[in-house]
Amino acid sequence: MSDSPEGTAIYEDNDLNDFYLNIPYKIDDFIWCIGSFEAVVSFFGLDIEKEFIKARVKKGKFADAVIFDDSKYSHDRASKDTFEKRETRIIPHNDYPLEFSYLFNSTILDFYKDIDGKVKVLKTENPDIAKARLIQYQQLWNSTNR
């Protein structure tokens, strides 16, 4: 973790698997997912992603996902929405960067691959910023087709 402004932290550990798999246990209500299912698989692998989904479903937490890729994998994930307690809307885009974000409670987690090739997470814990991001996500959600 590096020095960051108050309310933010950048995690850049070599192995973020434990960090990622702990997210479902921190969700109190609902989670928004924005980005690319392909990024999740690229960053953590298919087994870790399946473990994440299983933990979220077991905890009974629902998700809405706006996905910016048109991959076979993303469509496959979306076809399992009911079982995986999620609603997905796909915005077909072939050149979307490999990144994704989660928003839950007052927490925003932005996962990305930095210039050094390492996966990093920008964690922001701020109710006002989270509320603004929620409004942005809801507007994006409402502008997509089902």
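Summary of the structure given here. (Residues numbered from 1 in each chain as written. Predicted model: local features only at pLDDT ≥ 70, side-chain atom pairs only at ≥ 80, totals over all residues. Heavy atoms only, no water.)

1. Side note on the packing of aromatic side chains
To keep it simple, the criterion reads: Only the six-membered ring of Trp is used, alongside the rings of Phe and Tyr, when aromatic pairs are assigned; centres must lie within 6.5 Å, and planes under 30 degrees apart are stacked while those over 60 apart are edge-to-face, with the rest tilted. Summary of the burial criterion: residues with accessible area below 20% of their type's maximum are buried, those above 50% are exposed, and those between are partly exposed, where the area comes from a 1.4 Å probe applied to protein chains only.
Summed over the entire model, instances satisfying the criterion amount to 16 aromatic pairs. Plain terms: the ring middles of Phe30 and Trp32 are 6.1 Å apart, the flat faces sit at 75 degrees to each other, and that makes the pair edge-to-face. Taken together, a centroid distance of 6.0 Å and an interplanar angle of 75 degrees make the contact between Tyr102 and Phe111 edge-to-face. In this structure, Tyr102 and Phe111 share a single accessibility class: buried.

2. Overview of the sheet that holds strand S3 (residues 62-67)
Inclusion rule: Two strands form a pair only when DSSP identifies at least two bridges running between them. Numbering of helices and strands starts at the N terminus; helices are DSSP runs of H or I of at least 4 residues and strands are runs of E of at least 2. Every angle, taken between N-to-C directions, lies between 0 and 180 degrees, and every axis is a line fitted to C-alpha atoms, over only the stretch in contact when it is a helix.
A sheet is described by the order of its strands in space; here 7 strands give the open sequence S1-S7-S6-S5-S2-S3-S4, paired in mixed fashion. Taken across any chain shown, the strands that pair with only one partner, and hence form the sheet edges, are strand S1 (8-11) and strand S4 (86-90). Adjacent strand axes in the sheet meet at a mean angle of 15 degrees when their direction is disregarded. In this sheet, S3 lies alongside strand S2 (residues 30-35) in parallel orientation, the contact comprising 6 bridges. In the strand pairing of S3, Phe30 is matched with Phe62.

3. With respect to the side chain of Arg89
To keep things clear, this is the line we draw: Contacts described as polar in this section are N or O atom pairs within 3.5 Å, which, within protein, must combine one atom able to donate a hydrogen with one able to accept it, while residues neighboring in sequence count only if both atoms come from side chains.
Tracing the sequence through the fold places Arg89 in strand S4. A relative accessible area of 4% means that Arg89 is categorised as buried. For Arg89, the side chain forms a polar contact with the main-chain oxygen of Trp141, separated by 2.6 Å.

4. Some points on helix H5 (residues 127-142)
We count it as follows: Expected span, for any helix, means 1.5 Å times one less than how many residues it has. Each direction from the helix axis to a C-beta atom contributes to the arc, which is the arc of those directions. Any two residues whose heavy atoms approach within 4.5 Å are treated as being in contact.
Taking 1.5 Å as the rise per residue, H5 with 16 residues should run 22 Å; its terminal C-alpha atoms sit 22 Å apart, in good agreement. Those residues of H5 not exposed but buried are Ala130, Arg133, Tyr137 and Trp141. Around the axis of H5, the buried residues are gathered within 80 degrees of arc, so they sit on the same side. Exposed side chains of H5 directed beyond 90 degrees from the buried face belong to Asp128, Lys131, Gln139 and Asn142. Residues of H5 that are buried sit in contact with S2, S3, S4, strand S5 (99-104) and strand S6 (107-113). Between the side-chain oxygen at the start of H5 and the backbone nitrogen of Asp128 there is a gap of 2.9 Å, and the oxygen is on Asn126.

5. As for the pairing of S2
Of all 6 residues making up S2, 5 are buried, and the element is well covered by its neighbours. With 4 bridges connecting them, S2 and S5 associate as antiparallel partners. Pairing of Ile34 across the sheet is with Ser101, part of S5.

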